[in-house]
Amino acid sequence: IYLSTAWQKTGPAWWGEGSAVWFALLDRATQTDAGRWLALTLPGWLWPPLTWSVLALEFCAAPLLLSRRTRFLVLPPLLALHTSMWVLMDLGSFPLVMLAGLSALVPGAFWQRIGWLSPPVRVSPPDRGGRVLVWVLVCFVLTVVGDHARRFRADDGAWPNRIVENLARAYYLLGVEAHWGMYSPEPLRQTGWWVAAAWRADGTVVDLITGRSPTTRPPVATDPAARLRWLALAHPPEPDGPQYAYRNQLLARRAGEGESGVEALALIWLHESLTPFRRPAPPIWTACSMPSARC
């Protein structure tokens, strides 16, 4: 995870101006009140070193974790990174899963010292760093090759040659097709949300996402309606983009019958342009992503 995400972060927000962490905290799809407050409160000169520190940590994490002699150098910053994600961003269970995984690398003497593990501590087998390193390299090569194999596929669905085809099949068969690329090549420089205005048969208009009257106010991170953001809320309109599948899902879920039935629906995208280290501009109605769709 650390190697693949660092490898794909190639944009100037990571390597140039150092604004990636600032943009990430202001992403409407994942932000929390604490993260937004921090992004709008800390001085701008602090964000570049924070961004570059995250990038350096992801590159160094894997090789330093392989050896017990260097593991203690990277464990504290990794624990701090995922704890910060837990508090400052809404990423579901991801930070907690990573913290649980890292806890397995903490020496048993530490748990014994704080009273969570009673002596005697079971002696671990010798560290097989070479074997672990081989498996890490194999998994990394499979990930890179499989990712490129998908890009090599021609528009007509044919593979360029049998070697690439077989590599891609092995890639999927081994279950390593998961794509880890958080905020790569860089975070979006604008953020926004959808308003799903629906006209009912009884003449009322309702936002199908929130169940309330349509409004230009941004969604509240703690509102249960905001959980729908994982479907398409964070993606702006694109030609043949996810908004069409999102529209169909909303219509199928809320169409109903009689006076509560939905007769027409318009998905409207509101966005905030983000300028590095400045307060976001007020939301702008940029597009009605599609014409009204009859149920």
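Scroll up to find the structure this text is about.
Quick caveat, the model's predicted, so the values are computed rather than measured.

Q: Looking at this structure, how should I read a nonpolar patch on the surface?
A: Side chains of W7, W15 and F59 sit close together on the surface and give an oily, nonpolar patch of about 380 Å² of accessible area. Along the chain, the position of F59 falls in helix α5 (residues 47–65). The exposure class of F59 is partly exposed, given its relative accessible area of 30%.

Q: Just to check I follow, could you spell out the environment of L96 for this structure?
A: Following the sequence through the fold, L96 ends up in helix α7 (residues 94–103). Put simply, L96 and H82 are 14 residues apart on the chain and 7.6 Å apart in space, counted from C-alpha to C-alpha.

Q: Got a minute to help me understand the packing of α5 against helix α6 (residues 68–88) in this structure?
A: At their nearest, the axes of α5 and α6 sit 9 Å apart, and the two run at 140 degrees to each other. Relative to α6, the element α5 is oriented oblique. Judged by the twist between their axes, the crossing of α5 over α6 is left-handed. When α5 is examined against α6, the residues V54, L57, A61, P63, L64 and L65 are found in contact with a partner set consisting of T70, R71, V74, L75, P77, L78 and L81. Residues belonging to the contact of α5 with α6 are distributed by class as follows: 11 nonpolar, one polar and one charged.

Q: Just checking my understanding: could you explain α6 for this structure?
A: Residues lying three or four places apart along an α-helix face the same way, a consequence of the helix completing one turn every 3.6 residues. Between its first and last C-alpha atoms α6 spans 30 Å; for 21 residues at 1.5 Å apiece the expected length is 30 Å, and the two agree. The principal kink in α6, of about 35 degrees, is found at V74, preceding the proline P76 by one to four residues. Against the buried residues of α6 lie α1 (2–8), α3 (20–25), α4 (33–41), α5 and α7. The N-terminus of α6 is capped by S67, whose side-chain oxygen sits 3.2 Å from the backbone nitrogen of R69.

Q: I tried to follow the packing of α6 against α7 on my own but got confused; where do I start?
A: Relative orientation and spacing of two packed helices are given, respectively, by the angle between their axes and the distance between those axes. Taken N-terminus to C-terminus, the directions of α6 and α7 make an angle of 160 degrees; their axes are 8 Å apart at the nearest point. By the criterion of interaxial angle, the relationship of α6 to α7 is roughly antiparallel. For the crossing formed where α6 meets α7, the hand is left-handed. Taken together, the residues of α7 that come into contact with α6 (itself represented by L75, L78, L79, H82, T83, M85 and W86) are F94, P95, L96, M98, L99 and L102. Its residues assigned to classes, the contact of α6 with α7 comprises 11 nonpolar, two polar and no charged.

Conventions adopted
Residues numbered from 1 in each chain as written. Predicted model: local features only at pLDDT ≥ 70, side-chain atom pairs only at ≥ 80, totals over all residues. Heavy atoms only, no water. Patch = residues over 30% accessible without salt bridge, like charges linked within 9 Å, V, L, I, M, F, W, Y side chains within 5 Å. Areas by Shrake-Rupley, 256 points an atom, 1.4 Å probe, with all protein chains shown as cover. Salt bridge = Lys/Arg side-chain N within 4 Å of Asp/Glu carboxyl O. Helix = DSSP H or I, 4+ residues; strand = E, 2+ residues; numbered from the N terminus. Buried < 20%, exposed > 50% of the residue type's maximum accessible area, 1.4 Å probe, protein only. Axes fitted to C-alpha atoms, helices over the stretch in contact; angles between N-to-C directions. Parallel < 35°, antiparallel > 145°, perpendicular 65-115°, else oblique. Left-handed = near helix turned anticlockwise from the far one by under 90°. Contact = heavy atoms within 4.5 Å. Nonpolar A, V, L, I, M, F, W, Y, C, P; charged D, E, K, R; others polar. Expected span 1.5 Å × (residues − 1). Bend = angle between axes of the 7 residues up to and from the residue. Polar contact = N/O pair within 3.5 Å; in protein donor to acceptor, adjacent residues only side chain to side chain.

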